[in-house]
Amino acid sequence: MKTLYVIVSSLVIFSCKNTNSDTVVEAKQSSIDSMKVVAEKQRIIDSMKVEASKIEQQKEVVVVNQTAAGTTTTTVAKKKGWSGAAKGAVIGAGVGAVTGAIVSKKKGEGAIIGGLAGAGVGAGTGAIIDSSKK
């Protein structure tokens, strides 16, 4: 009987030690994983900042004109925005997709067909508006 108590108590002690070391290893691994996630997020944020600065540099173009008198004038050329045809195509595609999904029994198919039709009509309307502005 004494032997049985010794065996059971030794099993309990050894099983507790294994569980404790497993939890420590799991805790270490989870902290390492969370540090990797934070580092990856920071890498993405840094790359986005670099790309944003490149876009800002492209927007500001300085043109220097020299005249015969030797004076210089500087103008900043701004990047053009979207054309009317592009805006019309995007808006038409969105409205057409939503309308097609609502009206059609097959939602996905209706959205695709409506989006294509809306993009075509919107691009045509935008092109007409662009030509009338010129």
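Now for a look at the structure at hand. (Residues numbered from 1 in each chain as written. Predicted model: local features only at pLDDT ≥ 70, side-chain atom pairs only at ≥ 80, totals over all residues. Heavy atoms only, no water.)

**Concerning the packing of helix α2 (residues 84-103) against helix α3 (residues 107-133)**
The geometry of α2 relative to α3 is characterised by a closest axis approach of 5 Å and an angle of 155° between their N-to-C directions. Here α2 is positioned roughly antiparallel relative to α3, judged by the angle of their axes. Every pair of crossing elements has a handedness; the one defined by α2 and α3 is right-handed. For the pair α2 and α3, contact is made by G84, A85, G88, A89, G92, A93, G96, A97, G100, A101 and I102 and by K107, G110, A111, G114, G115, G118, A119, G122, A123, G126, A127 and D130, respectively. (Axes fitted to C-alpha atoms, helices over the stretch in contact; angles between N-to-C directions. Helix = DSSP H or I, 4+ residues; strand = E, 2+ residues; numbered from the N terminus. Parallel < 35°, antiparallel > 145°, perpendicular 65-115°, else oblique. Left-handed = near helix turned anticlockwise from the far one by under 90°. Contact = heavy atoms within 4.5 Å.)

**Overview of a nonpolar patch on the surface**
Together, M1, L4, Y5 and V8 make up a nonpolar patch on the protein surface, roughly 470 Å² of accessible area in all. Within the secondary structure, Y5 is located in helix α1 (residues 2-59). (Patch = residues over 30% accessible without salt bridge, like charges linked within 9 Å, V, L, I, M, F, W, Y side chains within 5 Å. Areas by Shrake-Rupley, 256 points an atom, 1.4 Å probe, with all protein chains shown as cover. Salt bridge = Lys/Arg side-chain N within 4 Å of Asp/Glu carboxyl O.)

**Details of the pattern of salt bridges**
Once their charged atoms are close, side chains differing in charge can pair, the charge on each being opposite to the other. This structure, assessed with the given rule, holds 1 salt bridge. Linking E40 and R43 is a salt bridge whose minimum nitrogen-to-oxygen distance equals 2.5 Å. Of this pair, E40 and R43 both sit in helix α1, 3 residues apart, roughly one helical turn. Take E40: its relative accessible area is 36%, and that puts it in the partly exposed class. (Buried < 20%, exposed > 50% of the residue type's maximum accessible area, 1.4 Å probe, protein only.)

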